[in-house]
Protein chains: 2
Amino acid sequence: VINAGKSQHNEDQACCEVVCVERRPSPRGRLLSREAAPNSPSHLLPLSLAEPACLSLQGRKGFYFHYWALFDGHAGSGAAVMASQRLHLHICEQLRDLVDILQDPSPPPICLPPDPRAGPAEPSRMSLPEDDGEVPNDAVPRFHLEKVVSHESLVIGAIENAFKHMDEQIERERVSQHLSGGCCALAAVYLMGKFYVANAGDSRAIIIRNGEIIPMSREFTPETERQRLQFLEYLRPELLGKTFTHLEFPRRIHPKELGKKMLYRDQSMSGWAYKKIEEDDLKFPLVYGEGKKARAMATIGVTRGLGDHDLKVFSSNIHIKPFLSCFPEVRVYDLTQYEHCPDDVLVLGTDGLWDVTNDKEVASTVMEVLTNYEPNDPCRYTMVAQELVVRSRGVLKQRGWRMANDKLGSGDDISVFVIPL
Amino acid sequence: VINAGKSQHNEDQACCEVVCVERRPSPRGRLLSREAAPNSPSHLLPLSLAEPACLSLQGRKGFYFHYWALFDGHAGSGAAVMASQRLHLHICEQLRDLVDILQDPSPPPICLPPDPRAGPAEPSRMSLPEDDGEVPNDAVPRFHLEKVVSHESLVIGAIENAFKHMDEQIERERVSQHLSGGCCALAAVYLMGKFYVANAGDSRAIIIRNGEIIPMSREFTPETERQRLQFLEYLRPELLGKTFTHLEFPRRIHPKELGKKMLYRDQSMSGWAYKKIEEDDLKFPLVYGEGKKARAMATIGVTRGLGDHDLKVFSSNIHIKPFLSCFPEVRVYDLTQYEHCPDDVLVLGTDGLWDVTNDKEVASTVMEVLTNYEPNDPCRYTMVAQELVVRSRGVLKQRGWRMANDKLGSGDDISVFVIPL
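Residues numbered from 1 in each chain as written. Chains lettered and ligands numbered in written order. Predicted model: local features only at pLDDT ≥ 70, side-chain atom pairs only at ≥ 80, totals over all residues. Heavy atoms only, no water.

- Per an unreviewed UniProt entry, chain A is named Protein phosphatase 1J, and its organism is Calypte anna.

## Some details on the sheet that holds strand 7 (residues 204-209) of chain B
Neighbouring strands of a sheet are bound in pairs by backbone hydrogen bonds; such pairs are parallel or else antiparallel.
All names here are of chain B.
Moving on, step 1. Across the sheet, four strands lie side by side as 8-7-17-20; this open sheet has antiparallel pairing. Two strands in the sheet have a free side with no partner beyond their single neighbour: strand 8 (212-215) and strand 20 (416-420). Across the sheet, the axes of successive neighbouring strands diverge by a mean angle of 20 degrees, strand direction being ignored.
Moving on, step 2. Pairing of strand 7 with strand 17 (residues 345-349), which is carried by five bridges, proceeds in the antiparallel orientation. (Pairing = 2+ DSSP bridges. Helix = DSSP H or I, 4+ residues; strand = E, 2+ residues; numbered from the N terminus. Axes fitted to C-alpha atoms, helices over the stretch in contact; angles between N-to-C directions.)

## Quick look at the pattern of salt bridges
Moving on, step 1. In this structure the tally under the stated criterion is 62 salt bridges over all chains.
Moving on, step 2. Between K147 of chain B and E248 of chain A there is a salt bridge; the shortest N-O distance is 2.5 Å. Of this pair, K147 of chain B sits in the loop between helix 3 (123-134) and helix 4 (151-173) while E248 of chain A sits in the loop between strand 9 (244-245) and strand 10 (261-264), placing the two residues on different chains. The exposure classification of K147 of chain B matches that of E248 of chain A, with both residues buried.
Moving on, step 3. Between D355 of chain A and K292 of chain A there is a salt bridge, with its nearest N and O atoms 3.3 Å apart. With D355 of chain A in the loop between helix 6 (351-354) and helix 7 (359-370) and K292 of chain A in the loop between strand 13 (287-288) and strand 14 (295-296), this residue pair connects regions lying 63 residues apart in the sequence.
Moving on, step 4. A relative accessible area of 37% means that D355 of chain A is categorised as partly exposed.
Moving on, step 5. Residues joined by salt bridges that share partners form a network here, namely K147 of chain A together with E223, R226, E248 and R265 of chain B. (Salt bridge = Lys/Arg side-chain N within 4 Å of Asp/Glu carboxyl O. Buried < 20%, exposed > 50% of the residue type's maximum accessible area, 1.4 Å probe, protein only.)

## A short note on the interface of chain B and chain A
Often, the extent of an interface is quoted as the loss of accessible area upon association of its parts.
Moving on, step 1. On the side of chain A, 64 residues touch chain B, which itself brings 64 residues to the contact.
Moving on, step 2. At the boundary of chain B with chain A, total buried surface from both sides reaches about 6,000 Å², with 59% on carbon and sulfur atoms.
Moving on, step 3. Of all residues in chain B, K147, K261 and Y274 of chain B bury the most surface against chain A, accounting for 12% of the area lost on that side.
Moving on, step 4. Between chain B and chain A we count six salt bridges in total.
Moving on, step 5. E223 of chain B serves as the salt-bridge partner of K147 of chain A, at 4.0 Å between the closest nitrogen and oxygen.
Moving on, step 6. The interface formed by chain B and chain A includes 18 residue pairs in polar contact (both at pLDDT 80 or more).
Moving on, step 7. Here the side of chain B that touches chain A is built from residues that sort into 34 nonpolar, nine polar and 21 charged. (Contact = heavy atoms within 4.5 Å. Buried area = accessible area lost by both parts, 1.4 Å probe. Polar contact = N/O pair within 3.5 Å; in protein donor to acceptor, adjacent residues only side chain to side chain. Nonpolar A, V, L, I, M, F, W, Y, C, P; charged D, E, K, R; others polar.)

## Examining the environment of G76 of chain A
Residue and element names in this part refer to chain A.
Moving on, step 1. Of note, G76 is situated in the loop between strand 3 (62-74) and helix 1 (78-96).
Moving on, step 2. Judged by its relative accessible area of 14%, G76 is buried.
Moving on, step 3. Distance from G76 to L179, taken between C-alpha atoms, is 8.0 Å for residues 103 residues apart in sequence.
Moving on, step 4. Excluding residues within four positions of it along the chain, G76 makes contact with E11, S180 and G182.

## Quick notes on the domain arrangement of chain A
Moving on, step 1. For chain A, the assigned domains read domain 1 (2-23 + 62-107 + 149-220 + 326-420) and domain 2 (225-301).
Moving on, step 2. Centre-to-centre separation of domain 1 of chain A and domain 2 of chain A, based on C-alpha positions: 33 Å. (Domains from an automatic or database assignment.)

## As for the sheet that holds strand 4 (residues 111-112) of chain B
Moving on, step 1. Overall, antiparallel pairing links the three strands, which are arranged 11(A)-10(A)-4(B) in an open sheet. At either end of the open sheet lies a strand with only one pairing partner, and these are strand 11 (273-276) of chain A together with strand 4 of chain B.
Moving on, step 2. Relative to strand 4 of chain B, strand 10 of chain A runs antiparallel, the two sharing two bridges. Looking across to strand 4 of chain B, one finds that M262 of chain A is bridged to C111 of chain B.

## Examining the packing of aromatic side chains
Residues and elements named next belong to chain B.
Moving on, step 1. Tallied over the full model, the rule gives 13 aromatic pairs over all chains.
Moving on, step 2. Ring geometry for F244 against F284: centres 6.0 Å apart, planes inclined by 90 degrees, an arrangement best described as edge-to-face. On the criterion of sequence distance, the pair formed by F244 in strand 9 (residues 244-245) and F284 in strand 12 (residues 284-285) is long-range, its members being 40 residues apart. The pair F244 / F284 is uniform in exposure class, with both members buried.
Moving on, step 3. Ring geometry for Y333 versus Y338: centroids 5.4 Å apart, planes at 10 degrees, classification stacked.
Moving on, step 4. A residue is classified by how much of its surface remains accessible, and Y338, at 39% relative accessible area, is partly exposed. (Phe/Tyr/Trp six-rings, centres within 6.5 Å; stacked < 30°, edge-to-face > 60°.)

## Some remarks on the relation of the copies chain B and chain A
Moving on, step 1. Of the two same-sequence chains, chain B is brought onto chain A (RMSD 0.0 Å, axial shift 0.0 Å) by a rotation of 180 degrees. What the rotation and shift describe, once combined, is the action of a two-fold rotation axis. Within chain B, L235 of chain B has its C-alpha nearest the rotation axis, a separation of 3.8 Å.
Moving on, step 2. Taken together, the interface assignments show that 100% of the residues at the interface of chain B recur at the interface of chain A, consistent with an identical surface on both copies. (Least-squares fit on C-alpha atoms with pLDDT ≥ 70 in both.)

What follows is the structure, encoded as structure tokens:
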């Protein structure tokens, strides 16, 4: 729902894809299936996973992954639109070097030859014994220790770097493509029996399995990332022109209060203590406000995401971007570890949903709606997503848009994916 | 057990106390009950909580807290000995300003007058209305927002700052008092119905309630704090004389491998990816090794604790201390929220215990030993602690000290508190 039905303006974007990953040096991984229209008013597209999606591999070595993502833009939709069109291609690109490695059950090789594109047919496998032979005995025995890196952590690393490359592309093309603003990004990648849920921002993913709620993400906001921001400001005060104090106070301090004692906390503290107010404490606090009103540098309410390269502190020349992170937290859910029934789902939603509807309410709506449809009715998941969106938007009454509990509906864009497990 | 019975040398220290906190400006909070002898061979002292411990308050306003702590020294016992004698006094000192505030059920005041010692009888309460009147209307309405700070978070802040002051005292007195080395610190404070468990290092606390294990701490090691260390090195490479690389690799790289691709991860990644090896990557990695062998700057296996002010990277002039944190993580357990039976306990142990005995094994030993004693027998908890220590040490056999499962016993000092809830 665009801005909860209250305006024409839309900053939420979405994408679902089945993406082929072909081994280099074959041509670039091709996209299959449909792509959500970037400015489509509804992101509730059904996706049939039963399609023979990767026929196009046609004997070439590779695999495919399923992909769903939500992008909640701010200060414009440019970054969100581009990310919805490109992030999965960056993930594909990162995975292309891993085609052989991920399909081999033995642990990934630590070291590869310089250029796999120029190497033999199975370069990553061939190189390993030779490498080992080349490493000489070292004076300190523990230098021989080798960490075993799992396949799963290679996929996590690929997704993390894909977010970084996506962010760099937005930076490069923001002028020529007129890309405004930034966006939160929440992406779910299904690959080889596992869901990888990557979140950078304040969207949220939960799994509902047998009525139980399993959180698949956490939110990154000035409140949850306070200590990271304070630590950075403390180490590099010049980044903010020394305009802000890295200390947090429960409210702004008035100059008249100099010399009194006030509650504070710094980058190392999770509790609070009193300190004597000094001149420096009168600066604006790096992190200020509570809940949805919390802001970093009095400007932004999310601390991770893509874009925002030109964002500055209001009426100043201070860049915000160094304090933001484009890296997601990636959580893994192994589908093969559990039995799933047709009512078990992964729900992805932007904050438009979660601001007014908590995990339990979402879970009970999911269960309520699914019981109204046959387990093999493919549209049942779409109906759940629609119901979640509409309930969070509410109904227009005399006193504004109201939900069933008579509270105000979400004033934000609302996007939801409901994915059967 | 000193060094698991294998030597005379001891670096573990412990302390248990009932500490009186008197309001300023009355004389300094006095210690009651016994103090663990700093170099006592056994830390399994029984403590009778039923004693009328705070009679000494004699009408003066104040409260008392119960305190247990373990200090696992390294590179000497000096820091551990001093911390075992002083940390509770620093906690007391921090709490003295909070005597009135913690005993008042209304939320703590945000702002206090300049010097509570010179103020009226109830300075913190008196000042509040006046303060509010002084804060003028501000142009931006959200400046009026005031965070509500809980009593609990004031106690957490007091404990956090007590650790900092303890660390500063060790720094000041290390030369005159010949204090060598550093120490991990794990402290449990029982105050007004809640346990506050503060951990800086690799000791561990768990609660066993009705057979269920509730973790009350996590370990701080080069592995668990890798990203914090890498972030600091990345932002301030001059701290380490550019001797180390902030990137982590699964093993050391040989110069001959320049130009090949190797797995790595940086401060933003939890997964792994391949990168082309460059000259800079040949530097020693900031974090290296796995498990108990993991080291920061090739030197130290714990990343939080007290002391270590003179610790340097081997045969260099590079100080380690800026990378260590003296701040604990504090977890709170509200005793009033649950019914407890005589078999419910809080277990504190140094890594000498946990290296060879996991949470489940500890819980089953606790339950096994407690059933051998009457529920009202006060020595039953001491017997559990003794059994936990002895089982982890093992028995001297022909092939060394062996535990019941025939694995090698702990080669470290082992200290355990078992505290009935």
